[in-house]
Each structure stands twice: as C-alpha cells, then as structure tokens.
Amino acid sequence: GLGVRVSSDDLAEFRIHRVTVRTYLGKTGSGEIKYADPVTVEGWLSIKRHLVRDANAQQVLSESSFTALDGTTAATFAPLSLVTHSQSKQADGTWADVTGAKERQVITVQESTGGDLITGLDRVKVWLQ
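To start, this report covers the structure provided alongside it. Note that the structure is a prediction, hence the values are computed from the model and not measured.

**Here's the deal with the environment of Ser 86**
- Relative to the helices and strands, Ser 86 resides in strand E8 (residues 82-89).
- For the pair Ser 86 and Gly 100, spaced 14 residues apart in the sequence, the C-alpha separation amounts to 9.3 Å.

Following this line, the structure appears as structure tokens:
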C-alpha cells in the first residue's frame, strides 16, 4: 500500500454534530435497564430513512444514522443504547445546543477500519430508530 492515511484531524470540518450517548449495559436481575453515564461524541448525523437489520435479524426502519470518528468504538453504541443529538456546529465554528431533540435507540452499529488505504478512515456508523 501507499502507507498514507487520512487522519480524523483532516476531517475536522465534517464533525458538525455532537450526540450524547448512554451505552446500554443490560438488565439487572429485577429487570431494571442499566445505562452507562452519558458521553459526548462528535461526528455527523444524517436524517434519512434506511431499512436495516436489528440484533434479531429483523428488518426495521431507521430514521437516522450517525457516523463517529476519533477512535470511538462500536461498543459505545451497543444496540439498545440511547443517543440524543445535543449540539450542532455553527458557521463561525461555535457549538449551539439543539432544543427539542429526541432520544433515539440504537438499532445496529457497524465498525469500519480504513487500513493503510489512502482513503483509510476508522469510523463507526450507527443506525437509530
């Protein structure tokens, strides 16, 4: 290979959304759903419907998707995790809070590595309800 990689710094202008993620941890013995403390992840959110397969291989409708860079792992967005669009980058580079954003549940996630390709880019794509 060429040994040239695109770094996430090269794509900073594409990190235009921030989401808050509460990673699904499972259920307690009494059936209580447990989530990790919220974390903020930068990337880009796309509001577009897609048919995707959930963890049970059932075809479901995704209302939006989120793509994260910077070493974010698929485990952060485990299926059933909760994601909220919290901020958007303004033209002047500052961040503005999003009001009225819905909390959405993760349907499925795909982790891709770019390897040594010139367009190589490690990323996580998340499909949301």
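Read on, since the account is not over.
**Re the pairing of strand E1 (residues 17-22)**
- As paired elements, E1 and strand E4 (residues 39-46) share 5 bridges and run antiparallel to each other. Across the sheet, residue His 17 finds its bridge partner in E4, namely Gly 43.

**Here's the deal with the packing of aromatic side chains**
- The full count for this structure, using the stated rule, is 2 aromatic pairs.
- Ring centres of Tyr 24 and Tyr 35 lie 6.0 Å apart, and the angle between their planes is 70°; on these two criteria the pair is classed as edge-to-face. One end of the pair, Tyr 24, is in strand E2 (residues 24-27); the other, Tyr 35, is in strand E3 (residues 33-35), and 11 residues separate them in sequence.
- Tyr 24 gets classed as partly exposed once you look at its relative accessible area, which sits at 21%.
- Its relative accessible area of 26% is what places Tyr 35 among the partly exposed residues.
- With centroids separated by 6.0 Å and ring planes inclined at 45°, the aromatic side chains of Phe 66 and Phe 77 adopt a geometry described as tilted. One end of the pair, Phe 66, is in strand E7 (residues 64-68); the other, Phe 77, is in the loop between E7 and E8, with 11 residues separating them in the sequence.
- By relative accessible area, which is 0% here, Phe 66 ends up buried.
- Across from the ring centre of Tyr 35, 4.9 Å away, lies the NZ or CZ of Arg 22, which sits over that ring.

What counts, and where the lines are drawn
Residues numbered from 1 in each chain as written. Predicted model: local features only at pLDDT ≥ 70, side-chain atom pairs only at ≥ 80, totals over all residues. Heavy atoms only, no water. Helix = DSSP H or I, 4+ residues; strand = E, 2+ residues; numbered from the N terminus. Pairing = 2+ DSSP bridges. Phe/Tyr/Trp six-rings, centres within 6.5 Å; stacked < 30°, edge-to-face > 60°. Buried < 20%, exposed > 50% of the residue type's maximum accessible area, 1.4 Å probe, protein only. Lys NZ or Arg CZ within 6 Å of the ring centre and 35° of its normal.

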